[in-house]
Amino acid sequence: QVQLVESGGGLVQPGGSLSLSCVASGIIFSFNAMGWYRQAPGKQRELVATITSGGGTNYADSVKGRFTISNGNAKNTVLLQMNSLKPEDTAVYYCSGTAPWGGQYWGQGTQVTVSS
């Protein structure tokens, strides 16, 4: 059974930093791409950043220059470094992996709260 497990969320003050990580288990294939999405209360889930297995990246305009996505050292892991955090970054952050056949897998999410 494929599982994606996120870690690293928490409470941080505005202007602070957090690092999220996601590890996939229970799979024998490699994801073509992995990414981070977020969902704030009362809002739809939105793209934060994605990265391909080859290292190509894509960011939402709202996080460009502040967030950095990278592939982890282990296969099927992805990291998200978040700097200069703002209250509007508060959301549940979800990790996602895209299988070679296009299927998408999701983690359970980790809460990020930016507040003074």
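Above this text you will find the structure in question.
Residues numbered from 1 in each chain as written. Predicted model: local features only at pLDDT ≥ 70, side-chain atom pairs only at ≥ 80, totals over all residues. Heavy atoms only, no water.

Some points on the overall build of the chain
So, step 1. Each helix and strand in the chain was counted, giving zero helices and eleven strands.
So, step 2. Reading the secondary structure of the chain in the N-to-C direction produces β-β-β-β-β-β-β-β-β-β-β.
So, step 3. For the chain, whose C-alpha radius of gyration is 13 Å, the value lies close to the compact-globule estimate of 13 Å for 116 residues.
So, step 4. Sorting the 116 residues of the chain into buried and exposed places 39% on the buried side. (Helix = DSSP H or I, 4+ residues; strand = E, 2+ residues; numbered from the N terminus. Rg over C-alpha atoms; globule rule 2.2 N^0.38 Å. Buried < 20%, exposed > 50% of the residue type's maximum accessible area, 1.4 Å probe, protein only.)

A look at the nonpolar core
Among soluble globular proteins, nonpolar side chains are generally buried collectively.
So, step 1. W36, L80, M82 and Y93 are the most contacted members of the largest nonpolar core, which totals 30 residues.
So, step 2. Secondary structure elements with two or more residues in this core: β3 (18–25), β4 (33–39), β5 (46–52), β7 (67–71), β8 (77–82), β9 (91–98) and β11 (110–114).
So, step 3. Setting aside residues no more than four positions away along its own chain, L80 makes contact with L18, S19, L20, W36, V48, A49, F67, T68, I69 and Y93. (Core = buried A, V, L, I, M, F, W, Y, C linked by side-chain atoms within 4.5 Å. Contact = heavy atoms within 4.5 Å.)

Topic: the state of the cysteines
So, step 1. This model, assessed by the stated rule, comprises one disulfide.
So, step 2. With its sulfur 2.0 Å from that of its partner, C22 forms a disulfide with C95. Here the disulfide of C22 and C95 is left-handed, its torsion about the S-S bond being about -80°. Residue C22 is found in strand β3, and its partner C95 is found in strand β9; the two are separated by 73 residues along the sequence.
So, step 3. With a relative accessible area of 0%, C95 lands in the buried category. (Disulfide = S-S within 2.5 Å.)

Things to note about the sheet that holds β3
So, step 1. The antiparallel open sheet is built from four strands, whose spatial order is β1-β3-β8-β7. Across the chains shown, the open sheet's two edge strands, defined by having one partner strand only, are β1 (3–7) and β7. Pairwise comparison of adjacent strand axes, ignoring direction, gives a mean angle of 15° for this sheet.
So, step 2. Direction of pairing for β7 relative to β8: antiparallel, over a ladder of five bridges. Each residue of the ladder has a partner; that of F67, found in β8, is M82. (Pairing = 2+ DSSP bridges. Axes fitted to C-alpha atoms, helices over the stretch in contact; angles between N-to-C directions.)

Side note on the pattern of salt bridges
So, step 1. In total, this model carries four salt bridges according to the counting rule given.
So, step 2. With a shortest N-O distance of 2.7 Å, E46 and R38 are connected by a salt bridge.
So, step 3. With relative accessibility at 6%, the residue R38 sits in the buried group.
So, step 4. Note that K64 and D61 form a salt bridge whose closest N and O atoms lie 3.1 Å from each other.
So, step 5. A network of salt bridges, in which partner residues are shared, links R38, E46, R66 and D89. (Salt bridge = Lys/Arg side-chain N within 4 Å of Asp/Glu carboxyl O.)

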